[in-house]
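So you can see what is in the structure, the chains are spelled out below.
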Amino acid sequence: MKGVVVVGSINMDIVAVTNQYPAHGETIFGENMKLLSGGKGANQATTCAKLGKPVKLIGAVGDDAFGHEIERSLLQNNVNISSLKHVAEHPTGCAVITVDATAENTMLVIKGANEHLTRSDIDICFSTISDDYAVLLVQMEIPNEAVLQAMKRAKEKNMFIILDPAPAEGVTTEALTYANLITPNWQETKVLTGIDVNSKESACKAGVFFENHFGVENSIIKLGHKGALVYQNGETNFIEPIAVKAIDTVGAGDSFAGALACAIADGETIESAAEFASIVAAMKVTKMGAQDGVPRLAEVEHFCE
Ligand code: ADP
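Residues numbered from 1 in each chain as written. Predicted model: local features only at pLDDT ≥ 70, side-chain atom pairs only at ≥ 80, totals over all residues. Heavy atoms only, no water.

Asker: Describe in detail a nonpolar patch on the surface, supporting the description with residues and values.
Answerer: Taken together, Val96, Leu108 and Ile110 make up a surface patch of nonpolar side chains, about 240 Å² in accessible area. Inspection of the secondary structure puts isoleucine 110 in strand S8 (residues 105–110). On the basis of relative accessible area, isoleucine 110 is assigned to the partly exposed category, the value being 39%. (Patch = residues over 30% accessible without salt bridge, like charges linked within 9 Å, V, L, I, M, F, W, Y side chains within 5 Å. Areas by Shrake-Rupley, 256 points an atom, 1.4 Å probe, with all protein chains shown as cover. Salt bridge = Lys/Arg side-chain N within 4 Å of Asp/Glu carboxyl O. Helix = DSSP H or I, 4+ residues; strand = E, 2+ residues; numbered from the N terminus. Buried < 20%, exposed > 50% of the residue type's maximum accessible area, 1.4 Å probe, protein only.)

Right, dumping it as structure tokens:
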């Protein structure tokens, strides 16, 4: 079975639940606090592992309690972390999130160790990757030099390269030219193309834009509860949304990307991989947590029966 290499961010999310936000200089008491493993790279790798796929995560953590806890949870989910970098001088990346009763939130991200993944770290990791890995999945929450080097090394190995262009503000033209497939949501599509995707026609226009301006032949534009659009060679196919009762959409796109990478590693077409990904992402939004909420393969099979 061919595996997936994920190169990306690893964070601890500190989620504080409160009825009110403190004003500058003020101290107030909140309701509750939870620690959740996060970061796009870790979320996507965990998805692949929960779907039963061999997956190697390349990323960086600090040598601290959050880093140790994240490693424990990645290992428990069967993610191969043998290439993880340990950065002694910087903390594990974290997001300090405040959520109120209306589900509005504020988020302060400390990149920490994520910012210290270098080109040479990528080279060292890729020198240990066997031909059993068919797909590279990468996003933009780590330094651009690491993203580009991973894409170059994957191309040398004839791996299929999926770029999840998030956050879109950091995406470079060079990164786009290395991608076989990109998976922006509608907001990222707007940043990258200037096109408001609100119909099949506008999604097709965005797909054409990605192809003509950046040489990206395949794109999947994710539309949240409205489903997704697959663009390939001038044609757009709509992936119907799966009707579910959503309770937590955080990490929907990460579960979509992870599942997509698994199906492509299995040799599926992009369209049928997108159909599988939309089932996995729909199941994820019915549960809490960007990693805990991702279904295992047996649950997906049961859902599809
Ligand atoms: P991102 O998390 O990157 O912003 P989206 O919110 O567009 O991405 O979600 C990614 C995919 O997850 C969608 O294309 C869809 O397949 C699925 N999805 C997201 N929200 C829902 C929902 N409420 N119901 C069903 N599927 C959903």
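Asker: Before we move on, could you go through the environment of valine 87 and cite the residues and values that matter?
Answerer: Position of valine 87 among the secondary structure elements: in strand S6 (residues 85–87). Note on valine 87: relative accessible area 4%, which makes it buried. Between the C-alpha atom of valine 87 and that of histidine 116, which follows or precedes it by 29 residues, the distance is 7.5 Å. Leave out the neighbours within four places in its chain, and valine 87 touches Ala60, Val61, Gly62, Asp63, Ala113 and His116. (Contact = heavy atoms within 4.5 Å.)

Asker: Give me the lowdown on the sheet that holds strand S1 (residues 3–7), citing residues and values where you can.
Answerer: Across the sheet, which stays open at both edges, the 8 strands sit in the order S4-S1-S9-S10-S11-S12-S13-S14 with mixed pairing between neighbours. Every interior strand has two partners, whereas the edge strands, strand S4 (55–58) and strand S14 (235–239), have only one. When strand S11 (residues 181–182) meets strand S12 (residues 218–222), the two strands line up parallel, connected through 2 bridges. Its bridge partner being in S12, isoleucine 182 is matched across the sheet by serine 219. This element, helix H1 (residues 40–50), spans S1, S4 and strand S9 (133–138) of the sheet and lies at about 170° to S4. (Pairing = 2+ DSSP bridges. Axes fitted to C-alpha atoms, helices over the stretch in contact; angles between N-to-C directions.)

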